[in-house]
Amino acid sequence: FLREPTRPEAVLFNIRDTVTGFSPIQYMDQLDERFLFVPDVLGIERYQEVFNPPGGYDPEPPDVDTLWTREQERQFIVNLLDKEKYQSIEFDRWYDSSRDERETFDNPLEEEYRFPYKVTFTEKPREGAEARIIDISGRVYATVTTPTLETPVWIVTRWRDFRDLASARRSWTELRGEFSP
């Protein structure tokens with residue numbers, strides 16, 4: 001059961017719930033047609049062939065980044081949310097309105113949410129082997145927009161990923177590198 005995206009926070013919760021529910025189609029419904037994922041710098045270096053950054057790449061301009069667009073995101077999420085591969089996906093940390101940052105802009109149709117994440121992917125056990133566990137952690141800066149406040153339908157337009165340098169865990173960027181087609 002997904003929340004109506006009439007509030008920006010609902011979209012963030014829907015992202016979490018569609019991942020844990022192995023629902024790539026509903027996940028993609030939370031993303032704008034102009035969606036951009038901005039990978040963390042270390043992930044770009046590690047997966048150059050996936051992200052293919054041009055010389056002098058700068059991830060700051062919010063509407064210029066083209067390393068990872070909606071089509072790459074669709075392919076990634078379909079590959080990642082494979083019920084044949086994983087028995088569970090659990091979010092140990094995601095957006096929490098009582099603890100996390102929300103930035104508003106002069107434009108009331110846009111907000112940015114900044115929060116840490118920690119997610120555990122547990123593979124299905126294979127014959128003769130234990131289930132492998134993949135932990136990821138880092139920080140998300142998610143830009144959420146709506147075309148109008150009269151009848152708001154919020155949607156994620158930009159997701160910027162920052163690796164947790166204090167841990168040895170992977171990040172969302174690295175998962176995209178590993179699960180890209």
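Parameters and conventions
Residues numbered from 1 in each chain as written. Predicted model: local features only at pLDDT ≥ 70, side-chain atom pairs only at ≥ 80, totals over all residues. Heavy atoms only, no water. Helix = DSSP H or I, 4+ residues; strand = E, 2+ residues; numbered from the N terminus. Rg over C-alpha atoms; globule rule 2.2 N^0.38 Å. Buried < 20%, exposed > 50% of the residue type's maximum accessible area, 1.4 Å probe, protein only. 1 Å grid on protein atoms, 1.4 Å probe; cavity = no way out; pocket = protein on both sides within 12 Å on 5 of 7 lines; lining within 4 Å. Points joined across faces, edges and corners; volume = space filled by probe spheres on them. Salt bridge = Lys/Arg side-chain N within 4 Å of Asp/Glu carboxyl O. Expected span 1.5 Å × (residues − 1). Phe/Tyr/Trp six-rings, centres within 6.5 Å; stacked < 30°, edge-to-face > 60°. Contact = heavy atoms within 4.5 Å. Polar contact = N/O pair within 3.5 Å; in protein donor to acceptor, adjacent residues only side chain to side chain. Core = buried A, V, L, I, M, F, W, Y, C linked by side-chain atoms within 4.5 Å.

Novice: Could you give me a rundown of the overall build of the protein chain, with the residues and numbers involved?
Specialist: Scanning the protein chain for helices and strands turns up 6 helices and 6 strands. The order of α-helices and β-strands along the protein chain, N terminus first, is α-α-β-α-α-α-β-β-β-β-β-α. Rg of the C-alpha trace for the protein chain: 16 Å, near the compact-globule value of 16 Å for 181 residues, within the 12% margin. The dimensions of the protein chain, computed from C-alpha atoms along their principal axes, are 55 × 45 × 30 Å. Residue burial in the protein chain is summarised as follows: out of 181 residues, 49% are buried.

Novice: Outline empty space enclosed by the protein, listing residues and values.
Specialist: Taken as a whole and assessed by the stated rule, the structure comprises 1 cavity of 30 Å³ or more. Taken as a whole, the largest cavity holds about 50 Å³ of empty space. Elements with a contribution of two residues or more to the lining of the largest cavity: helix 1 (8-20), strand 5 (133-145) and strand 6 (155-163).

Novice: Could you give an account of the pattern of salt bridges, with specific residues and numbers?
Specialist: Overall, the coordinates contain 20 salt bridges when judged by the stated rule. Put simply, Arg126 and Glu123 hold a salt bridge, and the shortest N to O gap is 3.8 Å. One salt-bridge network, in which partners are shared between bridges, spans Glu101, Glu103, Glu112, Arg114 and Arg139.

Novice: Describe in detail unusual backbone geometry, supporting the description with residues and values.
Specialist: The phi angle at Phe22 is positive, at roughly 55°, despite the residue not being glycine. Locating Phe22 in the fold gives a position in the loop between helix 1 and helix 2 (24-28). Taking relative accessible area as the criterion, Phe22 reaches 14% and is therefore assigned buried.

Novice: Tell me about helix 1, residues and numbers included.
Specialist: For helix 1, which comprises 13 residues, the first-to-last C-alpha distance of 19 Å matches the rise-based estimate of 18 Å (1.5 Å per residue) to within 8%. Of all 13 residues in helix 1, 10 are buried, a share of seventy percent or more. Listed in full, the buried residues belonging to helix 1 are Pro8, Glu9, Ala10, Val11, Leu12, Phe13, Asn14, Ile15, Thr18 and Val19. Phe22 lies just past helix 1 and shows a positive phi near 55°.

Novice: Outline the packing of aromatic side chains, listing residues and values.
Specialist: This structure, assessed with the given rule, holds 17 aromatic pairs. Ring centres of Tyr86 and Phe121 lie 5.5 Å apart, and the angle between their planes is 55°; this geometry places the pair in the tilted category. Linking Tyr86 in strand 2 (residues 86-93) with Phe121 in strand 4 (residues 110-123), this pair joins segments that are 35 residues apart in sequence. According to the relative accessible area criterion, Tyr86 is buried, its value standing at 2%.

Novice: Report on the environment of Asp135, specifying residues and quantitative values.
Specialist: By secondary structure assignment, the location of Asp135 is in strand 5. Each C-alpha atom, one on Asp135 and one on Tyr95, is 17 Å from the other, the two residues being 40 residues apart in sequence. If near-sequence neighbours (up to four positions away) are discounted, Asp135 is found in contact with Val119, Thr120, Arg169 and Arg170. A distance of 2.7 Å separates polar atoms of two side chains, one belonging to Asp135 and the other to Thr120.

Novice: Give a detailed account of the side chain of Thr143, specifying residues and quantitative values.
Specialist: Among the structural elements, Thr143 can be located in strand 5. Judged by relative accessible area, which is 7%, Thr143 ranks as buried. Not counting residues within four places of it along the chain, the set of residues in contact with Thr143 comprises Glu110, Glu111, Glu112, Ile155, Val156, Thr157 and Arg158.

Novice: Residue-level account of the nonpolar core, with values.
Specialist: Within the largest apolar cluster, 42 residues are counted, with the highest numbers of intra-cluster contacts made by Leu80, Trp94, Phe121, Trp159, Trp172 and Leu175. With sequence-adjacent residues up to four places away left out, Leu175 is seen in contact with Phe76, Leu80, Phe121, Ile134 and Ile136.

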